[in-house]
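Report on the structure
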Amino acid sequence: MATRRLTRRERCAAGRHTPAEIKEGGDGEIRRAQCRYCGAPIMRTQATRIWFAAGRMA
Ligand SMILES: [Zn+2]
């Protein structure tokens, strides 16, 4: 294959987590979930629409 897809660990290492279960709640601006691959707590805001590790923001 010409291009190699990122592995799960590589995606997580790059900060591109994949939510396994989105938990509604909170203030409505933030969605919280847990990465299905590394299990890290992740969150996303309506503005950025990008999942990122929540631990660093704590
Ligand atoms: Zn992850």
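These remarks concern the structure in this document. (Residues numbered from 1 in each chain as written. Predicted model: local features only at pLDDT ≥ 70, side-chain atom pairs only at ≥ 80, totals over all residues.)

1. What to know about the environment of glutamine 34
Here glutamine 34 lies in strand β2 (residues 30-35). On the basis of neighbour counts, which here come to 17 C-beta atoms within 10 Å, the residue glutamine 34 falls in the partly exposed class. Taking the C-alpha atoms as reference points, glutamine 34 and histidine 17, 17 residues apart in sequence, are found 8.7 Å from one another. Here glutamine 34 is in contact with Ala20, Glu21, Gly39, Pro41 and Ile42, once residues within four sequence places are set aside. (Helix = DSSP H or I, 4+ residues; strand = E, 2+ residues; numbered from the N terminus. Buried ≥ 20, exposed ≤ 12 C-beta atoms within 10 Å, placed from the backbone. Contact = placed C-beta atoms within 7 Å.)

2. Regarding the nonpolar core
Of all hydrophobic cores here, the largest spans five residues; its members are Cys12, Cys35, Ile42, Met43 and Trp51. Excluding anything up to four places from it in sequence, cysteine 12 contacts His17, Cys35, Tyr37 and Cys38. (Core = buried A, V, L, I, M, F, W, Y, C linked by C-beta atoms within 7 Å.)

3. Concerning the pairing of strand β3 (residues 41-45)
Looking down a regular strand, the side chains alternate between one sheet face and the other. Note that β2 and β3 share five bridges and pair antiparallel. The residue of β3 that forms the bridge with arginine 31 is arginine 44. Linking β2 to β3, which pair antiparallel, is a turn of five residues; within it glycine 39 sits at a positive phi near 80°. Note: β3 against strand β4 (residues 52-53), two bridges, orientation antiparallel. (Pairing = 2+ DSSP bridges.)

4. Quick word on the environment of glutamate 21
Along the chain, the position of glutamate 21 falls in strand β1 (residues 19-23). Ignoring sequence-local partners within four residues, the contact set of glutamate 21 consists of Ala33 and Gln34.

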